[in-house]
Each structure stands twice: as C-alpha cells, then as structure tokens.
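# Inside the fold
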Amino acid sequence: MVCGLTSCLGSGAAGGLFSSAVQFFAATQCLVGETWPKDSVLQNGSRYDFIIVGAGTAGSALAARLSEVANFSVLLLEAGGDPPIEAIIPAFRETLKASSVDWNFTSVENNITSQALKRGIEQQPRGKMLGGTGSLNHMVYARGFPSDYHEWASIAGETWNWTNVLKYFMKTEHMTDTNIVNNPELMVYHGRGGAIEVSGTNEVMFSIKKFLQAFEELGFKTVPDMTYPNSIGAGCFSHTIRNGERDSSLRALLNNANSTSLHILKDAFVTKIIIENGTAIGIEAVKDDEKFLFYADREVILSAGTFNTPKLLMPSGVGPSEHLRSLGIDVVADLPVGSNLHDHVMVLAFLVADNGTCVSDEAENSMEAIKYLYDRTGFLAKADNMAAYLPLSSSEPTVPEFALYPTCIPQFSPFRSGCLTLGLNEDLCTELHNLNQEYELVTIAAVLLKPKSRGKVELNSINPFDDPLIYAGTFSEEQDLDHFPRLIKMAWSIADTNYFRSKNARVIKPWVEACSNLTESAWIKCMSRAMVTSAWHSVGTAAMGTVVDGDLKVLGINGLRVVDASVMPKIIRGNTNAPVVMIAEIAADLIKEHYSVSRTGTNLNNMTIGNLTASSMPNISQPNINLADVIENNDMINSSLIEVEITNVELITTTDRLSDIDDTVNVA
Ligand SMILES: Cc1cc2nc3c(=O)[nH]c(=O)nc-3n(C[C@H](O)[C@H](O)[C@H](O)COP(=O)(O)OP(=O)(O)OC[C@H]3O[C@@H](n4cnc5c(N)ncnc54)[C@H](O)[C@@H]3O)c2cc1C
C-alpha cells in the first residue's frame, strides 16, 4: 500500500501505530467539508414571491434573510455548483483563481495601459460557485471609512449614511479577534452576535511583524483595528475565518437558512429577465441544457455581481439605448447600465533581499497539513494580511486615499504561477522567478483607493453565454496616474528601514520595454501604466442614483432590484466583501418593510396588540409599519400589554429601541 516504503515499515506495535496514524490523517481530510444546500427539484414554469439571481456574497445573504419570512417563497439560482475543498481551507485561496470555479473574466485590450500584462489585458477573477466571489476571495475584513458612506448618503439617501450602515455591519458580525474584543473602545464598533465570524490570528507571521516595524519607522501609526473609523495607519486585518475555515455569507447564512420556502437551483445559468409592460415578471435559465422559465409574483432581484448584473439587464432592454439598439435590442429603460465601472487601482513595487528575510518558523508543508487536519491550526488555517493606509495629504489624516499591501516571498517559491495568474506577462514573471532563485522577493502592492477614472461593461453580443466586454478604463483620468511616483517611492522606502537594510534589501526595477531610458519619476509613471492591474474590487455598474434608487429598485421598471457590488455609486476605501453583505442585509430589511413584514418575519398587518390591530393604531402610516415605531408612537399601549404580546413576535433589530422604552419589556 505504501509504495517504496514498505521495507522500512516495522511490523510490530510501533509500525502499526504509525501506519494507522497515517491512515487516520488521510481519512480526516474528508472532515474538511460542508454539507452544501441541496438542489431543489423544480417544475418548469413555477412561481415564487422572489427570484434571486446569483448565490454570491450578496445573493446568499439576501436569500437567507428573505427566507426568514415563512410566507415568502424564494428561488435562488446560481450558475456554479458547490465550492471545492480549496474554498474552505484559507491557505488555498490563490489556487481558486483561473480555475473552473472562476468566471475568468478579462478586460478588453486598450493599447494604452497593461503593456506588461499577458495579452495586454487585466485578469478579473470572480467566483462561479455557491458563495460566488465570497468563496474565492482573500477573506480580509474591511468596511471602508465613514466619509465613503457620507458620499453614498448624499447620492442615495440616508439609508446609506455611516450610522445606519454601521448597524448593519455590526448585525452580521461575530467578532472574535482578541486584539479587538479585549479593547472596549474598539468594540463600540463591532458586533458579537452576528452570523459571520471575524477572527484574528494568534501568531502574526514573522515578515508581517517586520513590515509593521518598517512602517512605524516610516512614520505610520500602528493601528490595532483596521476598521476603526477615522483612524489610519498600518496594521493587520481581521479575516472572515471560523475555526480555520473560510466563513462567508454562504457558510454562515445560506447554509443555515432553514426554510422550506427557500429553493436553490445550482448550475442554473440565468439568460434573461422577462419584462412585460415595464414589470419584471420572471427569468429564463438554462440548466443541464434544458431551458426553464420561472415567475416572480413580487420581485426579481439581481445579485450576479459587477460584471454579470449589467450583462443580464442589457439583453432585457435595460441599459444605454445607443448600445442596446446597436445590438438590435428593444429599449425598455434607457439607463447608464454598465457605465461607472471602477476599482481600486494596483501597481506592484518590488524589492529583493537576502535569504532569510521572510524567515518563517513554519515547518514543512506536510507538518502543516497534519496540524490542519488535526485541529485546524497552522499556516493552512490562516490568511495573514496587513496594509498601511496613507492620506492624500497630512492635512487629512483620517481619510486614506492610498494603501500599501506588502508581501514577503521566500526563495524558491512557486512565484511564477502566482505571477502569471495575477496577469503579468511571461518575460516579467520569468525575470522575477529568476531573481527569486537567488533572493527573497518583497512585493508591495501600491493601491489607489479612490480613482477618478471610469470604465464600462458592455455586451459582446446577444448570445447570453458570451462574456461581457469589460473596458477597465484604468488611468483614463491622468490624475490617477500622477499619484504613483509618490506611492511607489513610498513603497520602495521600505528597503531603507532597519530590518530590511540589514537584509540588504534593494529596489528592483523590472524590465518594461516601453519604459527604457526614462528618468525615475517618468519611469515609474510609464511602468505603472504598463503593469497596472485591477485590485478585484470592481463596483458601480448599476449604481445607486443613476440605475437604481436608494431602495435598490431599478429606475423605471417595477418588480426589479439589484443587490450586489454593482450598486455602489462610488467605491469605498477598503475591500468590498463586508460592504456587499451589508448592502444585502439592508436590502432584506427594505424588502421586508416594503411588504409590511417585521424584520424577522412577522407580518405586522396581521398583528394585534391588546384589542388593537395594526391597521387601527393611531399615528401609524400603512403599509410600512414597524413594531418599534408602533410602540414608540402609541402612549396608549401600556408596557405590560406589550410584554405579553411581544413574546409572540420575534424581534432582532428593534431590541435596542424597545429596551429604551421600558426596562420591563422582555424580549426573548
Ligand atoms: C481575487 C479576489 C480577492 C478578493 N479579496 C477580498 C477580500 O479579501 N476582502 C474583501 O472584502 N473583498 C475581497 N474581494 C471582493 C469581494 O469578494 C467582492 O466584492 C464580493 O464578493 C462581490 O459580491 P457580489 O455579491 O457582488 O458578487 P459575487 O460574489 O461575485 O456573486 C455573484 C454570483 O452570481 C452568480 N452569477 C453570475 N451570473 C449569473 C447568471 N447569469 N446566472 C446565475 N448565476 C449567476 C455568480 O456565479 C456568483 O456566484 C476579492 C475579490 C476577488 C476577485
């Protein structure tokens, strides 16, 4: 059985013990897994209250929340299938890119940027599986800054102001990062009772500690919580990891949704939204080469992500009229769908340093595998990430415009494959690979967080199976490029800090043909233009204010909402996953309120308090009735009555307001 090793295996007690230990560990890999939601068996032509397209970060959260309402029937369709084991084990995150669970989108070549990228285009990985990109991402927990949401509120209304979105961030969060949990000042902004775990790592990697010291020497404050409002500096992120496994809206919410009214169809590719007389009434989908029609009595909700949501709206006639007409599509609503595409803009800076710079006390891979299988600890169980946030100028020290994300790559790493997946071209990856045979590599991703440039998503054709055309638009505004000399020089200055100097760190300027013989700042600009890539946080293609309103309803169409990253009118200063979950949480409450259902599922129109029915209560406008408002606005309802009735009503989001009213109110 153990080929080639049999001669050394003892047949006595010790040999038996070791053999069974090996078998035990081999078998425990089967425990790394999850019972994913089952495919429903559905009749073609069935009707549901809500149809949600896409079980990604947003769709998984939204479907789970809507299914809390017993009398809502919900159909969730997902083009992909179950996530593989690599989507569960944090350290395998990189292997998911360019795999079969990635949509493998790319931008369109523009001959202006990306000359040093493979085929002159940017890679745009996106998850095609349950959990969507939330099953493939790097699990960094970030929220953006209060000023990001002041901006949203000015565009889309007060639902999106910082105070309100913060409540929703906290609602979903189960913070266990001890650096934060043990600090009451930080915990003011965190939740402990939510579904998605946000954890820290007990052992910060050696190289991360060295980077933090380096940034401190460069004048950055070390911050204990990268989500603390209005405080910027360098620090480690918390991650959405639970017990050494990826946590996400899929695992924490959809997987635990316990409702017979939620139907899930995997490997079901939605090809069209059916719109009749200005109302979305259903969708067309293909599963196993068979065409299905499903109908929505209340709403169709698109959660297909920044690239696929516009791709679904446009064939149904919702989009820019000129583009639609050019493809022979009848225009139903002339809206700027697909425009306003933007993303954080990323350019890599490189250093080389002596061997041992990245030292890790991590033992060999097989030992790490055993640790993981034994108790989900060790290198495989974690994602260590840090960043340094920088303001535009020292006069605005609370709002970052840029971020630096350093990584230390030990000698002889499998760097080449990661380099190619990132999208750099063969020559560049070979040059860096060769350097890595001799030195350790330090890469510093220099990121512009609030670019002015905008791109667009268009249809390639009317064939629903064609990928969308992604015009990244990177550096279409020259001002964005102007920031990079300062940013890259800041990244390089890590070489001139104590530890990295002691390791003979020095700057490497990779060979970029288009940029030879230029002065330093000109070279940086030229190289940045040639090497720039997406930071994988694209947003904005069905933006609030232009395509959807503040309730996320598509303008001019009934029964159609968008709930995903595409609705962000402007990108936030941070990674986008938690904000997308927050958008889904808010959308769920907006929908429940719209259909007069309390936020956890009781239809308030049917509710009685004492001898009052909801409809007979004074001061309450129908139908958007909310139990907390009922209680606050009705002096005539005495607290003991409330106490009796409240035991029949599940309340989550209103508990704080209720306890303000009367301490005797007992909310179970
Ligand atoms: C490589 C990478 C790393 C990232 N790392 C981080 C990170 O560390 N932290 C962070 O905060 N953010 C990160 N992000 C960003 C974050 O994950 C995304 O912003 C977020 O997941 C977007 O959620 P969404 O719901 O809008 O889209 P998605 O999660 O992409 O969901 C869309 C879903 O719709 C499905 N779908 C699409 N079209 C159809 C169709 N026609 N029919 C049926 N189903 C369809 C897709 O398969 C997918 O499941 C990362 C992104 C990438 C690409």
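- Going by the annotation in an unreviewed UniProt entry, the name recorded for the protein is Ecdysone oxidase, with Bombyx mori given as the source organism.

## Here's the deal with a negative patch on the surface
- Taken together, the side chains of Asp267, Asp288, Asp289 and Glu290 make up a negatively charged region of the molecular surface.
- Assessed through its relative accessible area of 43%, Glu290 is described here as partly exposed.

## Structural notes on the site of the ligand
- If you check the shell around the ligand, you find 40 residues, and the closest are Thr57, Glu78, Thr133, Thr576 and Asn577.
- Within the backbone of Val270, a nitrogen or oxygen atom sits 2.9 Å from a nitrogen atom of the ligand.
- For the ligand, whose accessible area on its own is 1,000 Å², the fraction buried by protein is 98%.
- When residues of the shell around the ligand are traced back to their parent elements, those giving at least two are α2 (57–66), β13 (269–276), α9 (305–313) and α18 (577–594).

## A short note on the pairing of strand β1 (residues 47–53)
- Most of β1 sits out of view: six of its seven residues are buried.
- Sheet topology places β1 next to strand β15 (residues 290–302); six bridges connect them, and they run parallel. Each bridged residue has a counterpart across the sheet, and for Val53 the counterpart in β15 is Leu302.
- Pairing analysis gives four bridges linking β1 to strand β2 (residues 74–77), with the strands arranged parallel. Looking at β2, one finds that Val53 is bridged to Leu77.
- The parallel pair β1 and β2, bridged by α2, forms a crossover whose chirality is right-handed.

## A few points about the side chain of Asp225
- Mapped onto the elements, Asp225 comes out in the loop between α7 (206–217) and β8 (234–236).
- In this structure, Asp225 is buried with no salt-bridge partner, the nearest side chain bearing the opposite charge being Arg143 at 6.4 Å.
- For Asp225, the side chain forms a polar contact with the side chain of His190, separated by 2.7 Å.
- Those residues in contact with Asp225 that sit more than four places away from it in its chain are Ile180, Leu186 and His190.

## With respect to the packing of aromatic side chains
- Inspection of every chain in the model, using the stated rule, returns 23 aromatic pairs.
- Measuring from centroid to centroid gives 5.5 Å for Phe50 and Tyr595, while their planes differ by 75 degrees, and the two rings are edge-to-face. Taken together, the positions of Phe50 in strand β1 and Tyr595 in the loop between α18 and β27 (608–609) put the pair 545 residues apart, joining distant regions of the chain.
- Residue Phe50 is classed as buried on the basis of its relative accessible area, which comes to 0%.
- Above the plane of the ring of Tyr471 lies Lys456, whose end atom (NZ or CZ) is 5.4 Å from the centre.

## Re the side chain of Ser107
- Relative to the assigned elements, Ser107 resides in the loop between β3 (105–106) and β4 (123–124).
- Among the residues examined, Ser107 registers a relative accessible area of 6% and is labelled buried.
- Separated by 2.8 Å, the side chain of Ser107 and the backbone nitrogen of Glu122 make a polar contact.
- Residues contacting Ser107, with those up to four places away along its chain left out, are Ile121, Glu122, Ile470 and Ala472.

What counts, and at which threshold
- Here the residue index of a chain counts from 1 through its sequence in written order.
- Owing to the predicted nature of the model, reporting of local features is limited to residues with pLDDT of at least 70; listing and counting of side-chain atom pairs is limited to 80 or more, with chain, interface and lining totals taken over all residues.
- Think of the side-chain values as coming from all heavy atoms in the structure, minus any hydrogens and water.
- Surface patches are drawn from residues lacking salt bridges whose relative accessible area is over 30%; two like charges belong together within 9 Å, two nonpolar side chains (Val, Leu, Ile, Met, Phe, Trp, Tyr) within 5 Å.
- The Shrake-Rupley method, run with a 1.4 Å probe sphere, supplies the accessible areas, and residue values consider only the shown protein chains as cover.
- Salt bridges are identified by distance alone: a Lys or Arg side-chain nitrogen within 4 Å of an Asp or Glu carboxyl oxygen.
- The charge count includes Lys and Arg as positive and Asp and Glu as negative, but it does not include His or the ends of the chains.
- A charged residue contributes its charge at one atom only: NZ of Lys, CZ of Arg, CG of Asp or CD of Glu.
- Only protein chains enter the area calculation, which uses a 1.4 Å probe; residues under 20% of their type maximum are buried, those over 50% are exposed, and those in between are partly exposed.
- In this text, near means that some heavy atom of the residue lies within 4 Å of the molecule or strand in question.
- The term polar contact refers here to a pair of N or O atoms within 3.5 Å; inside protein, the definition further demands a hydrogen-donor-capable atom paired with an acceptor-capable atom, and it admits residues adjacent in sequence only when both atoms are side-chain atoms.
- Only runs of H or I of at least four residues qualify as helices and only runs of E of at least two qualify as strands under DSSP, and these elements are numbered from the N terminus.
- By the convention used here, strands pair only if DSSP detects at least 2 bridges between them.
- Here the term right-handed applies to a crossover when the path leading from its first strand over the helix to its second strand runs clockwise, the strands being oriented away from the viewer.
- Contacts: residue pairs with any heavy atoms within 4.5 Å of one another.
- Aromatic pairs are defined between Phe, Tyr and Trp rings, using the six-membered ring for Trp, whenever the two ring centres lie within 6.5 Å; interplanar angles under 30 degrees are classed as stacked, those over 60 as edge-to-face, and all others as tilted.
- Lysine NZ or arginine CZ positioned within 6 Å of the ring centre and within 35 degrees of the ring normal marks a charge as sitting over the ring.

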